[in-house]
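Given next are the chains, with one letter for each unit.
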Amino acid sequence: MPFHLTEDQRALREDVREFAESEIRPRAIELDRNEEYPAEILAELGDRGWTGLTLPEEYGGRGEGLVELAVLTEELAAAMMTVAGALALNLGVATVIERFGTDAQKDEYLPEMATFDRVGALGLSEANAGSDKLAMETTAERDGDEWVLDGHKQWVTNFSHADFVLTYAKTGPDADAPHNVSAFLVPTDEFEVEEVWETLGARTVKSPRVVLSDVRVPAENLVGEEGEAYVQRGEIHTGVNVPARGVGIARAALEDAAAYTADREQFGQSVGDFQGVRWTVAEMAQRADAARLLTLRAADRADRGEDPTREMAMAKVRATEAAVENANDAMQLHGGKGYTTDHHVERYLRDARLLTVAGGPNELHRNSLADAVYAETE
Ligand SMILES: Cc1cc2nc3c(=O)[nH]c(=O)nc-3n(C[C@H](O)[C@H](O)[C@H](O)COP(=O)(O)OP(=O)(O)OC[C@H]3O[C@@H](n4cnc5c(N)ncnc54)[C@H](O)[C@@H]3O)c2cc1C
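Residues numbered from 1 in each chain as written. Predicted model: local features only at pLDDT ≥ 70, side-chain atom pairs only at ≥ 80, totals over all residues.

Right, let's get into the domain arrangement of the chain. Taken domain by domain, the chain holds domain 1 (7-118), domain 2 (121-229) and domain 3 (238-377). Across the boundary between the two partners, domain 1 contributes 22 residues, which contact 21 residues of domain 3. Going through the elements one at a time, helix 1 (7-33), helix 3 (66-79) and helix 4 (81-100) are the ones with two or more residues in the side of domain 1 that touches domain 3. At 10 residues, helix 3 tops the list of elements feeding residues into the side of domain 1 that touches domain 3. (Domains from an automatic or database assignment. Contact = placed C-beta atoms within 7 Å. Helix = DSSP H or I, 4+ residues; strand = E, 2+ residues; numbered from the N terminus.)

Shown next as structure tokens:
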């Protein structure tokens, strides 16, 4: 069982780390303060081929797997979580098209999505369909060669900078659930923006509530089999980006805390020489490494075509909670300066706090994990 990355994976990590350290991290505090969308950074990631990392080469991607996606995501999130999120959401939408779309959809959408020149957002959640996605109320009805969509979507990350939303809607009766949900490619200009929330973190990439009123899309905008979109989502594992973002924040918080406490002197000595501080840093290091190992294991399992449900759930819970815990500890170890925007740690904490909810609250992932554990005893 290898515990090391391949030479190519290490090279990817080094390339992304160098870019993130030189091009993202120095701008992160200012972008966050101004709530400014990281457009140039994402365009540059597109030029470097990283936004299409896991898409097949025939569609302009790099044909890499989820381990590589986890590596890329950790490095980006260590510098700025929202950049990693915007990239991953587009890639997740592209993956649905690649796995379940028609050849015409793949030809039309994927090459531009791979370079982030055409951007997809995810429209799954609604006001009454958060954890319970099958409670969604948006409907799509067939009318000749078109589908007519009515309803709303909530928390559509990156909506304002996206070209279309992969929109999930009910196309069958509740009695057929979960085989009653279909997915459609709907241009963003067909939606009306109803609310853009002010949020604790993730301030540079907004996630508004948007409304669809009698929106017509051509029949060819249906992605995958009618009624099977919700079930088919379960076969896509790009969601590993959420724990990978947690790993990035957990690691960055550790590195910042170690550097700051090594440098800061009080009582005539480095703060990092107090044993209480050293034990906290040691705990943070364990959390970051455990989070990474669990995340890479889940990604590797999915890449090898084995069911990663148990491993993904474990990674999601542990890595996102490690991010919150490490960010919180890093803030404490920075003293009063940690509470200011002079340093990154207050942003780590605000951004990390999203990850235990986004991608499904950790309670749901604990449920999946417990189900898997009990299933093993049967
Ligand atoms: C900033 C942001 C960006 C997002 N981006 C997207 C996106 O791009 N596309 C998209 O479709 N969605 C997105 N989401 C939605 C996200 O997936 C949902 O917020 C999440 O699934 C939880 O739904 P909810 O917020 O309605 O919480 P609710 O379902 O109302 O749950 C509230 C709380 O109740 C508890 N809870 C719920 N169910 C259970 C249970 N079964 N057992 C125990 N406790 C439970 C949990 O503590 C949970 O946090 C985003 C959310 C946020 C905040």
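Okay, unusual backbone geometry next. Omega for the peptide link from alanine 177 to proline 178 comes to 0 degrees, which places this bond in the cis form. Position of proline 178 among the secondary structure elements: in the loop between strand 4 (164-170) and strand 5 (181-187). The backbone of asparagine 158 shows a phi angle near 70 degrees, a positive value even though the residue is not glycine. Checked against the element boundaries, asparagine 158 lands in the loop between strand 3 (146-153) and strand 4. Residue classification places asparagine 158 among the buried residues on the basis of 25 C-beta atoms within 10 Å. (Buried ≥ 20, exposed ≤ 12 C-beta atoms within 10 Å, placed from the backbone.)

Moving on to the UniProt feature "domain: Acyl-CoA dehydrogenase/oxidase N-terminal" (unreviewed entry) in the chain. UniProt's entry tags residues 6-115 with the feature "domain: Acyl-CoA dehydrogenase/oxidase N-terminal" (unreviewed entry), counted in the numbering of this structure. As a span, residues 6-115 carries 75% helix and 0% strand, and end to end its C-alpha atoms are 25 Å apart. (UniProt positions renumbered as here; feature names shortened; annotations may be inferred.)

Of all residues adjacent to the ligand, which total 20 residues, the nearest are Leu124, Gly130, Ser131, Trp155 and Thr157. Mapped by element, the contributors of at least two residues to the shell around the ligand are strand 1 (120-123) and helix 11 (362-377). Class assignment for the residues of the shell around the ligand results in 11 nonpolar, 8 polar and 1 charged. (Near = placed C-beta within 6 Å. Nonpolar A, V, L, I, M, F, W, Y, C, P; charged D, E, K, R; others polar.)

Across its 12 residues, helix 5 (residues 103-114) extends 16 Å between first and last C-alpha, which sits within 8% of the 16 Å expected from 1.5 Å per residue. Every buried residue belonging to helix 5 is among Lys106, Tyr109, Leu110, Met113 and Ala114, and all of these are buried. Buried residues in helix 5, looked at end-on, bunch into an arc of 120 degrees, giving them a common side. For helix 5, the exposed residues set more than 90 degrees away from the buried face come down to Ala104 and Asp107. Packed against the buried residues of helix 5 are helix 4 and strand 1. Among the residues trailing helix 5, phenylalanine 116 stands out with phi positive, at a value near 65 degrees. (Expected span 1.5 Å × (residues − 1). Arc of directions from axis to C-beta.)

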